[in-house]
Amino acid sequence: MDQIRIKAEPRTEQGTGAVRRLRRTGMIPGSVMKMKKGGTELIKLPAHDFMMAMRGRSGKQLLVTLDMNGTDVPALMREMQNDVLAGTPIHVDFSEVSLSEKVRVTVPVFLTGEPVGVKLGGGVLEQVLRTIDVDCLPTDIAEKFDVDVSSLGLDQTMFVRDLKLGDKYTVVTRGEFALAVVKAPDDAPAAPGGAPAEGKAPEVIKKGKEEAAAGAKKEEKK
């Protein structure tokens, strides 16, 4: 992950009114959870610079360097609150980190490739887990993990324990959890509304026809 550098400075503005006035000046209020000193420090960031730094970023837990009046503070961006209507950031929370100590993060998982069971067997690929938890150094945090599922056949499952992420990552999510599965056509989800599969008559109709035929035979015997 390439490093993101953001200018920041301490703030004294607190309360709804003061924070609104701060935003009108083109600043975003935020906070940093301090690792060494403990507690939380209130900060403010230039809105334009912050949004430019975040452009094209999809991860929710990003490593950034906060330039606090000339002092570099490595931190993880833990949460960003956006305006409901405008979609622009209105508050950002960070946690100070040590670049030499591992942190626990949640990383999205994206499936790549077309499984053999889908391509040749007509199966249906289902993704069971969309994120996994890993321990790694802050500098190794990934925005996502691309997982190749092209080798999966019909009725085959890829588990978390099957992931090969390298020595940088220690997977915390339990290994027996299913990540993706290729279901056989007969196991595919039913059509919307519970409609029966094509080519199969509903049992109630079949039974009705049998009863009608039996009644006709009785009439013929009479």
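Residues numbered from 1 in each chain as written. Predicted model: local features only at pLDDT ≥ 70, side-chain atom pairs only at ≥ 80, totals over all residues. Heavy atoms only, no water.

1. Here we look at the pairing of strand S6 (residues 89-96)
Inference 1: The buried fraction of S6 amounts to 7 of the 8 residues, a majority that puts the element mostly inside the structure.
Inference 2: When strand S2 (residues 27-33) meets S6, the two strands line up parallel, connected through 4 bridges. Bridge pairing in S6 places Val32 opposite Phe94.
Inference 3: As paired elements, strand S5 (residues 71-82) and S6 share 7 bridges and run antiparallel to each other. Directly across from Gln81, in S6, lies its bridge partner His91.
Inference 4: What sits between the antiparallel neighbours S5 and S6 is a turn of 6 residues, in which Gly87 has the positive phi angle 80 degrees. (Buried < 20%, exposed > 50% of the residue type's maximum accessible area, 1.4 Å probe, protein only. Helix = DSSP H or I, 4+ residues; strand = E, 2+ residues; numbered from the N terminus. Pairing = 2+ DSSP bridges.)

2. Some thoughts on the nonpolar core
Inference 1: Counting 23 residues, the largest nonpolar core has Leu76, Val105, Val134, Phe145 and Val147 as its most contacted members.
Inference 2: Of all the elements, strand S7 (residues 103-112) adds the most residues to this core, at 4 residues.
Inference 3: Among all residues touching Val147, those that are not within four sequence positions of it are Val109, Phe110, Leu111, Thr112, Met158, Leu163 and Leu179.
Inference 4: Counting residues in hydrophobic clusters, the runner-up holds 20 residues, among them Ile6, Val64, Leu66 and Met68. (Core = buried A, V, L, I, M, F, W, Y, C linked by side-chain atoms within 4.5 Å. Contact = heavy atoms within 4.5 Å.)

3. Observations regarding the sheet that holds S2
Inference 1: With mixed pairing, 6 strands are arranged side by side around a closed barrel as S1-S3-S2-S6-S5-S4. Here the strands of the sheet are splayed against their neighbours by 45 degrees on average, with no regard to which way each runs.
Inference 2: Note: strand S1 (residues 4-10) against strand S3 (residues 40-46), 2 bridges, orientation antiparallel. In the strand pairing of S3, Glu9 is matched with Lys44.
Inference 3: Relative to S2, helix H1 (residues 16-24) is tilted by about 120 degrees, and along the sheet it contacts S2, S3 and S6.
Inference 4: Seen against the sheet, helix H2 (residues 47-54) touches S1, S2, S3, strand S4 (62-68), S5 and S6 and runs at an angle of roughly 90 degrees to S3. (Axes fitted to C-alpha atoms, helices over the stretch in contact; angles between N-to-C directions.)

Everything listed here is a matter of geometry and, on its own, says nothing about what the molecule does.
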